[in-house]
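# Topology and contacts: notes
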Amino acid sequence: MAEYDLVCDACGAPLVPEDAVVSWSRSGDEERGFALTHTAHVPGGAAERLEGRQIVWPNTYLTFVGERLGRRIADPEPLRAILWAIAPFVMRHDNPTEMDSMRAASFGARLGVKPGTQPSSLAAGAQEKHDAGK
Ligand SMILES: [Zn+2]
């Protein structure tokens with residue numbers, strides 16, 4: 001099983017985002033029973049659901065996380081596990097900033113900045129101040 005494979009909370013079998021559903025129950029501002037399952041294994045009574053093929057979109061993922069803030073989560077651990085499990089599908093391994101940081105590291109340059117890039121005047125000012133403090 002690959003590192004990024006999802007696992008169904010109900011049957012324990014591998015799961016691909018296209019066939020995954022995040023489901024939970026809501027009562028007022030309290031939410032509980034978060035589960036990541038096959039579409040066919042959504043727990044009965046879980047009225048709230050978001051399809052895996054939607055939640056792997058960065059905007060949908062962040063909207064889902066943002067909507068949970070301010071809600072009372074009765075059992076946060078399953079929700080945390082779901083967010084961690086889905087994150088690799090959202091935050092791609094070829095994130096350009098991460099790639100530039102790896103290149104920068106190999107050149108001994110500044111992380112997060114593509115080698116050869118001239119800093120903005122504001123960033124350069126901050127950099128000089130930092131360097132002067134050495
Ligand atoms: Zn299942």
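Residues numbered from 1 in each chain as written. Predicted model: local features only at pLDDT ≥ 70, side-chain atom pairs only at ≥ 80, totals over all residues.

### Remarks on the overall build of the protein chain
- Counting its regular elements, the protein chain contains five helices and six strands.
- Counting from the amino terminus, the protein chain carries its helices and strands in the arrangement β-β-β-β-β-α-α-β-α-α-α.
- Counting the 134 residues in the protein chain, one finds 13% classified as buried.
- For the protein chain, the share of sequence-separated contacts (at least 6 apart) that also reach a separation of at least 24 residues comes to 46%. (Helix = DSSP H or I, 4+ residues; strand = E, 2+ residues; numbered from the N terminus. Buried ≥ 20, exposed ≤ 12 C-beta atoms within 10 Å, placed from the backbone. Contact = placed C-beta atoms within 7 Å.)

### A look at the confidence of the model for the protein chain
- Looking at the protein chain as a whole, its pLDDT mean stands at 85, while 87% of the residues score no less than 70.
- The spread of mean pLDDT over the elements of the protein chain runs between helix α5 (residues 121-132), the lowest at 63, and strand β4 (residues 30-38), the highest at 97. (pLDDT = per-residue confidence, 0-100.)

### Examining the sheet that holds β4
- With mixed pairing, the four strands of this open sheet are ordered in space as β5-β3-β4-β6. The sheet terminates laterally at β5 (48-51) and β6 (72-73), the two strands that pair on one side only.
- Where β4 lies against β6, two bridges are found, and the strand directions are parallel. Within β6, the position partnered with Glu31 by the bridge is Ile73.
- Where helix α3 (residues 76-90) meets the sheet, its contacts fall on β3 (20-27), β4 and β6, and the angle it forms with β4 comes to roughly 45 degrees. (Pairing = 2+ DSSP bridges. Axes fitted to C-alpha atoms, helices over the stretch in contact; angles between N-to-C directions.)

### Digging into the packing of helix α2 (residues 58-68) against α3
- Put simply, α2 and α3 touch, their axes get as near as 11 Å, and they point 160 degrees apart. The angle between α2 and α3 places the two elements in the roughly antiparallel class. The way α2 lies across α3 gives a crossing that is left-handed. Of the residues in α3, those in contact with Pro58, Tyr61, Val65 and Arg68 of α2 are Leu79, Leu83, Ile86 and Val90.
- Of the residues belonging to the contact of α2 with α3, the class tally is seven nonpolar, no polar and one charged. (Parallel < 35°, antiparallel > 145°, perpendicular 65-115°, else oblique. Left-handed = near helix turned anticlockwise from the far one by under 90°. Nonpolar A, V, L, I, M, F, W, Y, C, P; charged D, E, K, R; others polar.)

### Topic: the nonpolar core
- Membership of the largest hydrophobic core comes to 13 residues, with the highest contact counts inside it found for Leu6, Ala20, Val22, Phe34, Leu36 and Ile82.
- Contributing elements (two or more residues each) for this core: β3, β4 and α3.
- Here this core gets four residues from one element, more than from any other, and that element is β3.
- Once you skip the residues sitting within four places of it in the chain, Leu36 turns out to touch Leu6, Asp9, Ala20, Val22, Ile82 and Ala85. (Core = buried A, V, L, I, M, F, W, Y, C linked by C-beta atoms within 7 Å.)

### Concerning the pairing of β3
- As paired strands, β3 and β4 are joined by seven bridges and run antiparallel to one another. Among the inter-strand pairings, Val22 is bridged to a residue of β4, identified as Leu36.
- Linking two consecutive strands that pair antiparallel, namely β3 and β4, is a turn of two residues; a positive phi of about 65 degrees is found at Gly28 within it.
- In terms of strand pairing, β3 meets β5 through four bridges, oriented antiparallel. Along β5, the bridge assignment pairs Val21 with Glu51.

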